[in-house]
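Summary of structural features
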Amino acid sequence: MSVRHTNARQTTNIGESLVINPVFIRPGEATEMPKFEMPDRASLPETAYQIVHDEAMLDGNARLNLATFVSTWMDDEAKRLYSETADKNMIDKDEYPQTAAIEERCWRILADLWHAPDSAATIGTSTIGSSEACMLGGLALKRRWQTKRREEGKSVESPNLVLSTGVQVCWEKFCNYFEVEPRWVPVSEEHLVLDGHDLEKYVDENTIGVVGIMGQTYTGMYEPIAEIAKKLDEIQASTGLDVKIHVDGASGAMVAPFCQPELEWDFRVERVVSINTSGHKYGLVYPGVGWIVWRDTDALPESMVFHCSYLGGDMPTLALNFSRPGAQVLLQYYMFLRLGRDGYREVQQSSLDVAQYLAAAIEKIGPFTLVSKGDTIPVFAWRLKPDHTANWTLYDLSDRLRMKGWLVPAYPLADNLADITVQRIVVRAGLSHDLANALLRDLEGEVAYLDNLKSPLPREVAGAHFHH
(Lines give C-alpha, C1' and ligand atoms only; values in the text may rest on other atoms or scores of the structure.)
Protein backbone atom coordinates (compact mmCIF):
# COMPACT_ATOMS: atom_id res chain seq x y z
CA MET A 1 0.00 0.00 0.00
CA SER A 2 1.40 3.39 -0.94
CA VAL A 3 1.90 6.07 1.72
CA ARG A 4 1.00 9.70 1.08
CA HIS A 5 2.68 12.43 3.14
CA THR A 6 0.31 15.17 4.30
CA ASN A 7 0.46 18.29 6.39
CA ALA A 8 -2.27 20.02 8.39
CA ARG A 9 -3.63 21.89 5.38
CA GLN A 10 -3.68 19.01 2.90
CA THR A 11 -6.94 17.22 2.33
CA THR A 12 -7.49 13.47 2.49
CA ASN A 13 -10.43 13.64 0.10
CA ILE A 14 -9.13 12.44 -3.28
CA GLY A 15 -11.83 14.50 -5.04
CA GLU A 16 -10.18 17.64 -3.72
CA SER A 17 -6.68 16.75 -4.91
CA LEU A 18 -4.85 16.64 -8.22
CA VAL A 19 -3.06 13.29 -8.56
CA ILE A 20 -0.07 13.84 -10.85
CA ASN A 21 2.05 10.71 -10.44
CA PRO A 22 2.62 8.36 -12.13
CA VAL A 23 0.93 10.16 -15.04
CA PHE A 24 3.78 12.61 -15.66
CA ILE A 25 6.54 10.20 -14.51
CA ARG A 26 8.77 12.90 -12.99
CA PRO A 27 10.44 11.33 -9.91
CA GLY A 28 10.94 13.59 -6.94
CA GLU A 29 7.80 15.66 -7.40
CA ALA A 30 4.80 15.60 -5.08
CA THR A 31 2.29 12.91 -5.89
CA GLU A 32 -0.71 15.14 -5.21
CA MET A 33 -1.54 18.83 -5.10
CA PRO A 34 -4.52 20.50 -3.41
CA LYS A 35 -7.15 21.91 -5.75
CA PHE A 36 -8.42 24.73 -3.56
CA GLU A 37 -5.26 25.78 -1.71
CA MET A 38 -1.94 27.06 -3.04
CA PRO A 39 0.64 24.23 -2.89
CA ASP A 40 3.54 24.70 -0.49
CA ARG A 41 6.27 23.96 -2.99
CA ALA A 42 7.07 24.98 -6.55
CA SER A 43 6.61 22.61 -9.48
CA LEU A 44 8.48 22.23 -12.71
CA PRO A 45 7.00 24.50 -15.40
CA GLU A 46 6.40 21.41 -17.51
CA THR A 47 4.30 19.88 -14.74
CA ALA A 48 2.24 23.01 -14.09
CA TYR A 49 1.67 23.35 -17.83
CA GLN A 50 0.60 19.74 -18.20
CA ILE A 51 -1.88 19.99 -15.32
CA VAL A 52 -3.57 23.09 -16.75
CA HIS A 53 -3.41 21.71 -20.30
CA ASP A 54 -5.06 18.45 -19.26
CA GLU A 55 -7.77 20.22 -17.29
CA ALA A 56 -8.58 22.51 -20.23
CA MET A 57 -8.60 19.52 -22.57
CA LEU A 58 -11.87 18.45 -20.94
CA ASP A 59 -13.64 21.51 -22.34
CA GLY A 60 -15.63 21.11 -25.53
CA ASN A 61 -14.26 21.62 -29.02
CA ALA A 62 -14.57 25.37 -29.60
CA ARG A 63 -15.07 24.95 -33.34
CA LEU A 64 -18.18 22.84 -32.68
CA ASN A 65 -19.62 25.36 -30.22
CA LEU A 66 -22.56 26.77 -32.16
CA ALA A 67 -23.88 28.62 -29.11
CA THR A 68 -21.23 31.31 -28.79
CA PHE A 69 -20.89 34.49 -30.81
CA VAL A 70 -17.24 34.80 -29.75
CA SER A 71 -14.40 34.11 -32.18
CA THR A 72 -12.81 30.70 -31.77
CA TRP A 73 -10.27 30.83 -34.61
CA MET A 74 -7.57 33.17 -35.89
CA ASP A 75 -4.76 32.50 -38.34
CA ASP A 76 -1.17 31.67 -37.40
CA GLU A 77 0.13 35.21 -37.94
CA ALA A 78 -2.50 36.54 -35.54
CA LYS A 79 -1.55 33.92 -32.97
CA ARG A 80 2.10 34.93 -33.30
CA LEU A 81 1.21 38.60 -32.89
CA TYR A 82 -0.91 37.68 -29.85
CA SER A 83 1.97 35.88 -28.14
CA GLU A 84 4.37 38.74 -28.93
CA THR A 85 2.10 41.41 -27.43
CA ALA A 86 0.46 39.62 -24.51
CA ASP A 87 2.37 41.79 -22.01
CA LYS A 88 1.00 45.13 -23.25
CA ASN A 89 -1.27 47.05 -20.87
CA MET A 90 -3.84 49.12 -22.75
CA ILE A 91 -4.12 51.71 -19.98
CA ASP A 92 -0.41 52.52 -20.03
CA LYS A 93 -0.38 54.85 -23.00
CA ASP A 94 2.91 56.42 -21.92
CA GLU A 95 4.75 53.10 -22.01
CA TYR A 96 2.93 51.79 -25.09
CA PRO A 97 2.18 54.90 -27.16
CA GLN A 98 2.01 53.02 -30.45
CA THR A 99 -0.59 50.65 -29.09
CA ALA A 100 -2.58 53.72 -27.99
CA ALA A 101 -2.22 55.22 -31.45
CA ILE A 102 -3.45 51.99 -33.04
CA GLU A 103 -6.43 51.96 -30.67
CA GLU A 104 -7.41 55.41 -31.99
CA ARG A 105 -6.97 54.27 -35.58
CA CYS A 106 -9.34 51.38 -34.93
CA TRP A 107 -12.21 53.40 -33.50
CA ARG A 108 -11.78 56.03 -36.22
CA ILE A 109 -11.98 53.26 -38.81
CA LEU A 110 -15.23 52.14 -37.17
CA ALA A 111 -16.56 55.72 -37.09
CA ASP A 112 -15.96 55.93 -40.82
CA LEU A 113 -17.50 52.49 -41.39
CA TRP A 114 -20.60 53.62 -39.47
CA HIS A 115 -20.93 56.89 -41.42
CA ALA A 116 -20.03 59.37 -38.67
CA PRO A 117 -20.80 62.79 -40.19
CA ASP A 118 -17.42 64.25 -39.19
CA SER A 119 -14.74 61.70 -38.35
CA ALA A 120 -12.52 64.44 -36.91
CA ALA A 121 -15.21 65.43 -34.39
CA THR A 122 -16.13 61.93 -33.26
CA ILE A 123 -14.74 60.13 -30.23
CA GLY A 124 -14.47 56.50 -29.20
CA THR A 125 -12.57 53.93 -27.19
CA SER A 126 -11.79 50.26 -26.94
CA THR A 127 -13.28 48.25 -24.08
CA ILE A 128 -12.85 44.78 -22.66
CA GLY A 129 -15.95 43.69 -24.61
CA SER A 130 -19.28 44.93 -25.93
CA SER A 131 -20.87 44.70 -22.46
CA GLU A 132 -18.53 47.35 -21.08
CA ALA A 133 -19.17 49.40 -24.21
CA CYS A 134 -22.93 49.18 -23.55
CA MET A 135 -22.37 50.39 -20.00
CA LEU A 136 -20.49 53.43 -21.32
CA GLY A 137 -23.14 54.14 -23.94
CA GLY A 138 -25.93 53.96 -21.38
CA LEU A 139 -24.01 56.06 -18.89
CA ALA A 140 -23.41 58.78 -21.49
CA LEU A 141 -27.16 58.87 -22.19
CA LYS A 142 -27.86 59.23 -18.47
CA ARG A 143 -25.28 61.99 -17.96
CA ARG A 144 -26.55 64.00 -20.95
CA TRP A 145 -30.12 63.70 -19.67
CA GLN A 146 -29.06 64.78 -16.17
CA THR A 147 -27.17 67.80 -17.49
CA LYS A 148 -30.15 68.97 -19.57
CA ARG A 149 -32.57 68.45 -16.68
CA ARG A 150 -30.38 70.43 -14.28
CA GLU A 151 -30.12 73.28 -16.79
CA GLU A 152 -33.92 73.34 -16.86
CA GLY A 153 -34.15 73.21 -13.07
CA LYS A 154 -35.86 69.82 -13.11
CA SER A 155 -35.42 66.65 -11.07
CA VAL A 156 -32.84 64.04 -12.07
CA GLU A 157 -34.13 61.42 -9.66
CA SER A 158 -35.99 58.98 -11.94
CA PRO A 159 -34.17 58.20 -15.20
CA ASN A 160 -35.53 55.41 -17.38
CA LEU A 161 -34.27 53.57 -20.45
CA VAL A 162 -36.55 52.05 -23.10
CA LEU A 163 -35.49 48.69 -24.48
CA SER A 164 -36.82 45.38 -25.72
CA THR A 165 -37.17 42.38 -23.43
CA GLY A 166 -34.98 40.62 -26.00
CA VAL A 167 -31.82 42.55 -25.07
CA GLN A 168 -28.66 40.88 -23.85
CA VAL A 169 -28.30 40.61 -20.07
CA CYS A 170 -25.68 43.38 -19.94
CA TRP A 171 -28.50 45.93 -20.27
CA GLU A 172 -30.21 44.51 -17.19
CA LYS A 173 -26.88 44.92 -15.42
CA PHE A 174 -26.57 48.51 -16.63
CA CYS A 175 -30.00 49.45 -15.29
CA ASN A 176 -29.25 47.73 -12.00
CA TYR A 177 -25.72 49.07 -11.47
CA PHE A 178 -26.42 52.64 -12.60
CA GLU A 179 -29.89 52.95 -11.06
CA VAL A 180 -31.91 53.46 -14.22
CA GLU A 181 -35.48 52.17 -14.49
CA PRO A 182 -35.79 49.76 -17.44
CA ARG A 183 -38.90 50.35 -19.51
CA TRP A 184 -39.32 46.91 -21.03
CA VAL A 185 -41.12 46.73 -24.36
CA PRO A 186 -42.35 43.10 -24.53
CA VAL A 187 -41.68 40.95 -27.56
CA SER A 188 -44.62 39.07 -29.03
CA GLU A 189 -45.37 36.88 -32.04
CA GLU A 190 -46.52 40.03 -33.88
CA HIS A 191 -43.52 42.10 -32.74
CA LEU A 192 -40.51 39.84 -32.28
CA VAL A 193 -38.24 42.88 -31.92
CA LEU A 194 -38.52 46.50 -30.79
CA ASP A 195 -39.93 48.17 -33.92
CA GLY A 196 -41.48 51.39 -32.62
CA HIS A 197 -44.88 49.83 -31.96
CA ASP A 198 -46.58 51.57 -28.99
CA LEU A 199 -43.31 53.36 -28.17
CA GLU A 200 -45.23 56.42 -26.99
CA LYS A 201 -46.47 54.35 -24.03
CA TYR A 202 -42.94 53.97 -22.71
CA VAL A 203 -41.25 57.31 -23.44
CA ASP A 204 -41.61 60.28 -21.09
CA GLU A 205 -39.61 63.26 -19.83
CA ASN A 206 -37.40 60.94 -17.73
CA THR A 207 -36.37 58.75 -20.66
CA ILE A 208 -32.61 58.96 -21.17
CA GLY A 209 -32.71 57.08 -24.46
CA VAL A 210 -33.84 54.06 -26.45
CA VAL A 211 -31.66 51.01 -27.13
CA GLY A 212 -31.89 49.40 -30.56
CA ILE A 213 -30.28 46.03 -31.21
CA MET A 214 -28.53 45.06 -34.41
CA GLY A 215 -28.59 41.30 -33.97
CA GLN A 216 -30.78 40.10 -31.12
CA THR A 217 -29.12 37.31 -29.16
CA TYR A 218 -32.25 35.13 -29.08
CA THR A 219 -32.86 35.02 -32.83
CA GLY A 220 -30.23 37.14 -34.61
CA MET A 221 -32.90 39.54 -35.90
CA TYR A 222 -32.22 43.24 -36.44
CA GLU A 223 -34.34 45.87 -34.76
CA PRO A 224 -35.31 48.48 -37.41
CA ILE A 225 -33.36 51.50 -36.15
CA ALA A 226 -34.73 53.87 -38.81
CA GLU A 227 -38.32 52.92 -37.91
CA ILE A 228 -37.64 53.44 -34.21
CA ALA A 229 -36.17 56.87 -35.03
CA LYS A 230 -39.20 57.75 -37.14
CA LYS A 231 -41.52 56.92 -34.24
CA LEU A 232 -39.37 59.06 -31.92
CA ASP A 233 -39.66 61.90 -34.46
CA GLU A 234 -43.44 61.61 -34.19
CA ILE A 235 -43.23 61.59 -30.39
CA GLN A 236 -41.08 64.72 -30.42
CA ALA A 237 -43.49 66.47 -32.77
CA SER A 238 -46.38 65.80 -30.39
CA THR A 239 -44.65 66.14 -26.99
CA GLY A 240 -41.41 68.05 -27.54
CA LEU A 241 -39.36 65.15 -26.09
CA ASP A 242 -36.06 64.72 -27.97
CA VAL A 243 -35.02 61.12 -27.22
CA LYS A 244 -31.79 59.70 -28.65
CA ILE A 245 -30.85 56.15 -29.66
CA HIS A 246 -27.91 53.98 -28.67
CA VAL A 247 -27.35 51.09 -31.08
CA ASP A 248 -26.16 47.85 -29.53
CA GLY A 249 -24.35 46.48 -32.56
CA ALA A 250 -22.44 43.81 -30.64
CA SER A 251 -22.76 41.52 -33.67
CA GLY A 252 -24.59 43.34 -36.45
CA ALA A 253 -22.38 46.43 -36.52
CA MET A 254 -19.62 44.26 -37.98
CA VAL A 255 -21.92 42.51 -40.48
CA ALA A 256 -24.38 45.08 -41.83
CA PRO A 257 -21.77 47.54 -43.20
CA PHE A 258 -20.35 44.80 -45.41
CA CYS A 259 -23.32 42.61 -46.30
CA GLN A 260 -26.31 44.99 -46.03
CA PRO A 261 -24.67 48.34 -46.90
CA GLU A 262 -27.96 49.92 -48.02
CA LEU A 263 -29.58 49.38 -44.60
CA GLU A 264 -29.70 52.63 -42.62
CA TRP A 265 -29.12 51.85 -38.96
CA ASP A 266 -25.95 53.75 -38.04
CA PHE A 267 -25.01 57.46 -37.81
CA ARG A 268 -26.94 58.05 -41.03
CA VAL A 269 -29.95 57.96 -38.67
CA GLU A 270 -29.72 61.36 -36.94
CA ARG A 271 -31.10 60.16 -33.61
CA VAL A 272 -28.28 57.63 -33.22
CA VAL A 273 -25.70 59.16 -30.87
CA SER A 274 -23.58 56.10 -30.07
CA ILE A 275 -22.84 52.61 -31.36
CA ASN A 276 -21.02 49.72 -29.74
CA THR A 277 -19.71 46.50 -31.19
CA SER A 278 -17.78 43.46 -30.09
CA GLY A 279 -14.38 43.07 -31.72
CA HIS A 280 -14.29 39.49 -30.50
CA LYS A 281 -17.52 38.51 -32.24
CA TYR A 282 -17.89 39.40 -35.91
CA GLY A 283 -14.88 41.68 -35.54
CA LEU A 284 -13.11 38.28 -35.80
CA VAL A 285 -10.70 38.76 -32.87
CA TYR A 286 -10.04 36.44 -29.92
CA PRO A 287 -11.98 37.30 -26.72
CA GLY A 288 -11.17 40.51 -24.91
CA VAL A 289 -12.05 43.56 -27.03
CA GLY A 290 -15.10 45.72 -27.66
CA TRP A 291 -15.61 49.20 -29.14
CA ILE A 292 -17.86 52.20 -28.72
CA VAL A 293 -18.03 55.31 -30.89
CA TRP A 294 -20.04 58.46 -30.22
CA ARG A 295 -21.40 60.59 -33.07
CA ASP A 296 -19.44 63.63 -31.81
CA THR A 297 -17.85 64.98 -28.67
CA ASP A 298 -21.16 66.59 -27.65
CA ALA A 299 -22.63 63.09 -27.24
CA LEU A 300 -19.97 62.14 -24.67
CA PRO A 301 -20.09 64.18 -21.46
CA GLU A 302 -16.69 65.48 -20.41
CA SER A 303 -17.43 64.19 -16.90
CA MET A 304 -16.91 60.64 -18.22
CA VAL A 305 -13.31 61.30 -19.27
CA PHE A 306 -10.79 60.78 -16.48
CA HIS A 307 -7.28 62.24 -16.46
CA CYS A 308 -4.86 60.61 -14.07
CA SER A 309 -1.13 60.50 -13.58
CA TYR A 310 -0.05 56.91 -13.95
CA LEU A 311 3.26 55.28 -14.81
CA GLY A 312 4.86 58.52 -15.87
CA GLY A 313 2.21 60.36 -17.85
CA ASP A 314 -1.29 61.83 -18.09
CA MET A 315 -3.68 59.02 -18.95
CA PRO A 316 -7.07 60.15 -20.24
CA THR A 317 -9.37 57.14 -20.07
CA LEU A 318 -13.04 56.52 -20.89
CA ALA A 319 -13.30 52.88 -19.87
CA LEU A 320 -14.77 51.34 -16.73
CA ASN A 321 -11.84 48.93 -16.51
CA PHE A 322 -8.32 50.14 -15.85
CA SER A 323 -5.46 47.75 -16.63
CA ARG A 324 -6.50 45.48 -19.48
CA PRO A 325 -4.88 43.67 -22.40
CA GLY A 326 -3.60 45.66 -25.35
CA ALA A 327 -2.94 42.61 -27.51
CA GLN A 328 -6.53 42.26 -28.73
CA VAL A 329 -6.57 45.89 -29.87
CA LEU A 330 -3.51 45.14 -31.99
CA LEU A 331 -5.22 42.00 -33.28
CA GLN A 332 -8.23 44.12 -34.29
CA TYR A 333 -5.98 46.42 -36.32
CA TYR A 334 -4.31 43.36 -37.81
CA MET A 335 -7.71 42.10 -38.97
CA PHE A 336 -8.62 45.48 -40.46
CA LEU A 337 -5.35 45.46 -42.42
CA ARG A 338 -5.49 41.74 -43.21
CA LEU A 339 -9.03 41.69 -44.61
CA GLY A 340 -10.02 45.22 -45.58
CA ARG A 341 -13.61 45.89 -46.62
CA ASP A 342 -13.59 43.24 -49.34
CA GLY A 343 -12.17 40.60 -47.02
CA TYR A 344 -14.67 41.30 -44.25
CA ARG A 345 -17.47 41.22 -46.80
CA GLU A 346 -16.27 37.84 -48.10
CA VAL A 347 -15.88 36.29 -44.64
CA GLN A 348 -19.22 37.57 -43.30
CA GLN A 349 -21.09 36.68 -46.49
CA SER A 350 -19.65 33.19 -46.35
CA SER A 351 -21.01 32.83 -42.81
CA LEU A 352 -24.39 34.19 -43.94
CA ASP A 353 -24.45 31.70 -46.82
CA VAL A 354 -23.76 28.78 -44.47
CA ALA A 355 -26.38 30.04 -41.97
CA GLN A 356 -29.08 30.29 -44.63
CA TYR A 357 -28.09 26.93 -46.10
CA LEU A 358 -28.39 25.30 -42.67
CA ALA A 359 -31.66 27.08 -41.88
CA ALA A 360 -33.30 25.92 -45.11
CA ALA A 361 -32.06 22.35 -44.63
CA ILE A 362 -33.20 22.16 -41.00
CA GLU A 363 -36.66 23.44 -41.90
CA LYS A 364 -36.97 20.62 -44.44
CA ILE A 365 -36.23 17.92 -41.86
CA GLY A 366 -39.89 18.07 -40.81
CA PRO A 367 -40.44 18.70 -37.10
CA PHE A 368 -39.22 22.31 -37.15
CA THR A 369 -40.47 25.81 -37.93
CA LEU A 370 -37.95 28.60 -38.44
CA VAL A 371 -38.17 31.63 -36.15
CA SER A 372 -35.41 33.43 -38.08
CA LYS A 373 -33.52 32.57 -41.25
CA GLY A 374 -29.94 33.79 -40.80
CA ASP A 375 -30.38 36.65 -43.27
CA THR A 376 -29.39 39.44 -40.84
CA ILE A 377 -26.38 38.28 -38.88
CA PRO A 378 -25.39 34.63 -39.49
CA VAL A 379 -27.65 33.42 -36.68
CA PHE A 380 -30.96 31.61 -36.87
CA ALA A 381 -33.38 29.83 -34.57
CA TRP A 382 -36.14 27.26 -34.90
CA ARG A 383 -38.92 25.81 -32.79
CA LEU A 384 -40.52 22.38 -32.64
CA LYS A 385 -43.94 22.22 -34.27
CA PRO A 386 -46.50 22.14 -31.43
CA ASP A 387 -48.24 18.98 -32.61
CA HIS A 388 -45.15 17.02 -33.67
CA THR A 389 -44.51 14.89 -30.58
CA ALA A 390 -44.96 14.60 -26.83
CA ASN A 391 -42.03 12.21 -26.48
CA TRP A 392 -39.16 14.66 -26.80
CA THR A 393 -38.30 18.35 -26.70
CA LEU A 394 -35.59 20.58 -28.12
CA TYR A 395 -33.73 20.15 -24.83
CA ASP A 396 -33.52 16.43 -25.59
CA LEU A 397 -32.25 17.13 -29.08
CA SER A 398 -29.66 19.53 -27.66
CA ASP A 399 -28.44 16.81 -25.28
CA ARG A 400 -28.26 14.23 -28.09
CA LEU A 401 -26.22 16.60 -30.27
CA ARG A 402 -23.89 17.31 -27.36
CA MET A 403 -23.02 13.60 -27.34
CA LYS A 404 -21.67 14.09 -30.87
CA GLY A 405 -19.64 17.13 -29.79
CA TRP A 406 -22.04 19.80 -31.08
CA LEU A 407 -23.19 22.54 -28.71
CA VAL A 408 -26.55 23.72 -30.05
CA PRO A 409 -28.43 25.42 -27.21
CA ALA A 410 -32.14 25.22 -26.48
CA TYR A 411 -33.81 27.93 -24.39
CA PRO A 412 -37.10 29.81 -23.97
CA LEU A 413 -37.74 33.10 -25.72
CA ALA A 414 -38.15 36.26 -23.67
CA ASP A 415 -41.06 37.57 -21.64
CA ASN A 416 -44.46 37.02 -23.30
CA LEU A 417 -42.95 34.28 -25.48
CA ALA A 418 -41.36 32.34 -22.61
CA ASP A 419 -43.59 29.35 -23.37
CA ILE A 420 -41.84 28.96 -26.75
CA THR A 421 -38.59 26.99 -26.72
CA VAL A 422 -36.14 27.46 -29.57
CA GLN A 423 -32.78 26.17 -30.67
CA ARG A 424 -30.23 28.54 -32.14
CA ILE A 425 -27.13 28.23 -34.28
CA VAL A 426 -24.46 30.93 -34.51
CA VAL A 427 -22.36 30.55 -37.65
CA ARG A 428 -18.86 31.97 -37.32
CA ALA A 429 -15.80 32.00 -39.55
CA GLY A 430 -14.54 28.44 -39.58
CA LEU A 431 -17.92 26.69 -39.87
CA SER A 432 -17.55 25.50 -43.43
CA HIS A 433 -20.15 23.90 -45.69
CA ASP A 434 -18.45 20.55 -45.00
CA LEU A 435 -18.84 20.97 -41.23
CA ALA A 436 -22.41 22.18 -41.79
CA ASN A 437 -23.18 18.98 -43.70
CA ALA A 438 -21.67 16.92 -40.88
CA LEU A 439 -23.94 18.74 -38.45
CA LEU A 440 -26.97 18.08 -40.65
CA ARG A 441 -26.18 14.37 -40.80
CA ASP A 442 -25.95 14.19 -37.01
CA LEU A 443 -29.08 16.29 -36.60
CA GLU A 444 -31.11 14.12 -38.95
CA GLY A 445 -29.86 10.99 -37.20
CA GLU A 446 -30.78 12.25 -33.75
CA VAL A 447 -34.22 13.40 -34.90
CA ALA A 448 -34.84 9.93 -36.37
CA TYR A 449 -33.74 8.35 -33.07
CA LEU A 450 -36.03 10.62 -31.04
CA ASP A 451 -38.98 10.16 -33.39
CA ASN A 452 -38.72 6.38 -32.94
CA LEU A 453 -39.24 6.64 -29.18
CA LYS A 454 -42.34 4.79 -27.98
CA SER A 455 -42.71 6.90 -24.83
CA PRO A 456 -41.39 10.21 -23.49
CA LEU A 457 -37.77 10.46 -22.46
CA PRO A 458 -37.32 10.56 -18.68
CA ARG A 459 -36.09 13.92 -17.41
CA GLU A 460 -35.54 15.41 -13.99
CA VAL A 461 -36.27 19.06 -14.79
CA ALA A 462 -37.22 20.58 -18.13
CA GLY A 463 -35.26 23.76 -18.67
CA ALA A 464 -32.48 25.51 -20.48
CA HIS A 465 -28.85 24.56 -19.91
CA PHE A 466 -27.78 27.72 -21.71
CA HIS A 467 -27.50 31.34 -20.66
CA HIS A 468 -27.07 34.23 -23.09
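Here, every reference points to the structure presented above.
A brief structural summary. (Residues numbered from 1 in each chain as written. Predicted model: local features only at pLDDT ≥ 70, side-chain atom pairs only at ≥ 80, totals over all residues. Heavy atoms only, no water.)

Digging into the overall build of the protein
- A tally of regular secondary structure across the protein gives ten helices and 15 strands.
- What you see for the protein is a C-alpha radius of gyration of 25 Å, in line with the 23 Å of a compact globule of 468 residues.
- Considering only C-alpha atoms, the protein reaches an extent of 85 × 70 × 45 Å along its principal axes.
- Of the contacts formed within the protein by residues at least 6 apart in sequence, a portion of 69% connects residues at least 24 apart.
- Of the roughly 22600 Å² of accessible surface on the protein, a fraction of 52% belongs to carbon and sulfur atoms.
- Measuring between centres, the 45 positive side-chain charges of the protein sit 1 Å from its 65 negative side-chain charges. (Helix = DSSP H or I, 4+ residues; strand = E, 2+ residues; numbered from the N terminus. Rg over C-alpha atoms; globule rule 2.2 N^0.38 Å. Contact = heavy atoms within 4.5 Å. Areas by Shrake-Rupley, 256 points an atom, 1.4 Å probe, with all protein chains shown as cover. Lys, Arg positive; Asp, Glu negative; His and termini not counted. Charge placed at Lys NZ, Arg CZ, Asp CG, Glu CD.)

Description of helix α5 (residues 169-177)
- Of the residues making up α5, those classed as buried are Cys 170, Trp 171, Phe 174 and Cys 175. When α5 is viewed along its axis, its buried side chains cluster within an angular range of 140 degrees and face the same direction. Turned more than 90 degrees away from the buried face of α5, the exposed residues are Asn 176 and Tyr 177.
- Where α5 starts, the residue carrying a side-chain oxygen 2.8 Å from the main-chain nitrogen of Cys 170 turns out to be Gln 168. (Buried < 20%, exposed > 50% of the residue type's maximum accessible area, 1.4 Å probe, protein only. Arc of directions from axis to C-beta. Polar contact = N/O pair within 3.5 Å; in protein donor to acceptor, adjacent residues only side chain to side chain.)

Observations concerning the nonpolar core
- Ranked by internal contacts, the top residues of the largest apolar core, which has 60 residues, are Trp 114, Leu 232 and Trp 265.
- Looking at this core, the elements with two or more residues in it are α3 (97-113), α6 (225-239), β7 (245-248), α7 (256-259), β8 (272-278), β9 (290-294) and α8 (327-365).
- For this core, the element with the highest residue contribution is α8, accounting for ten residues.
- If we skip the residues at most four places from it in the chain, Trp 114 touches Ala 253, Pro 257, Trp 265, Asp 266, Phe 267, Arg 268, Ile 275, Asn 276, Thr 277 and Val 293.
- Counting residues in each nonpolar core, the second largest holds 32 residues, with Leu 66, Leu 370, Leu 397 and Ala 410 among its members. (Core = buried A, V, L, I, M, F, W, Y, C linked by side-chain atoms within 4.5 Å.)

A closer look at the pairing of strand β4 (residues 160-164)
- Counting buried residues in β4 gives five out of five residues, a clear majority hidden from the surface.
- Because side chains alternate across β4, one face comprises the buried residues Asn 160, Val 162 and Ser 164, and the other comprises Leu 161 and Leu 163, equally buried.
- In the sheet, β4 pairs with strand β5 (residues 181-185) via five bridges, with the strands oriented parallel. By the bridge assignment, Ser 164 is partnered in β5 with Val 185.
- Note on the crossover from β4 through α5 to β5: the handedness is right-handed. (Pairing = 2+ DSSP bridges. Right-handed = clockwise from strand over helix to strand, strands pointing away.)

Side note on the sheet that holds strand β12 (residues 368-370)
- With antiparallel pairing, the four strands of this open sheet are ordered in space as β12-β13-β15-β14. Of all the strands in the sheet, the pair left with one neighbour each is β12 and β14 (410-412). Direction aside, the axes of adjacent strands within the sheet are offset by 40 degrees on average.
- Bridge count for β14 against strand β15 (residues 421-426) is three bridges, and the pairing is antiparallel. If you follow Pro 412 over to β15, its bridge partner there is Thr 421. (Axes fitted to C-alpha atoms, helices over the stretch in contact; angles between N-to-C directions.)

Focus on the environment of Val 447
- Inspection of the secondary structure assignment puts Val 447 in helix α10 (residues 433-451).
- Note on Val 447: relative accessible area 4%, which makes it buried.
- Sequence separation between Val 447 and Glu 152 is 295 residues; the distance between their C-alpha atoms is 63 Å.
- Every residue in contact with Val 447, bar those within four places of it in the chain, is listed here: Ile 365, Pro 367, Phe 368, Trp 392 and Leu 397.

Things to note about the packing of helix α2 (residues 76-84) against α8
- Running from N to C, α2 and α8 cross one another at 150 degrees; their axes reach a closest spacing of 9 Å. One way to sum up the angle between α2 and α8 is to call them roughly antiparallel. For the pair α2 and α8, the sense of crossing is right-handed. Contacts from Glu 77, Ala 78, Leu 81 and Tyr 82 of α2 reach α8 at Ala 327, Gln 328, Leu 330, Leu 331 and Tyr 334.
- In the contact of α2 with α8, the residues fall into seven nonpolar, one polar and one charged. (Parallel < 35°, antiparallel > 145°, perpendicular 65-115°, else oblique. Left-handed = near helix turned anticlockwise from the far one by under 90°. Nonpolar A, V, L, I, M, F, W, Y, C, P; charged D, E, K, R; others polar.)

Points about the sheet that holds β8
- Overall, mixed pairing links the seven strands, which are arranged β3-β9-β8-β7-β6-β4-β5 in an open sheet. Of all strands in the sheet, those with a lone pairing partner are β3 (123-127) and β5, marking the two edges. Adjacent strand axes in the sheet meet at a mean angle of 20 degrees when their direction is disregarded.
- Of the strand pairs in this sheet, β7 and β8 are connected by four bridges, and their pairing is parallel. The residue bridging Asp 248 from the neighbouring strand is Asn 276, located in β8.

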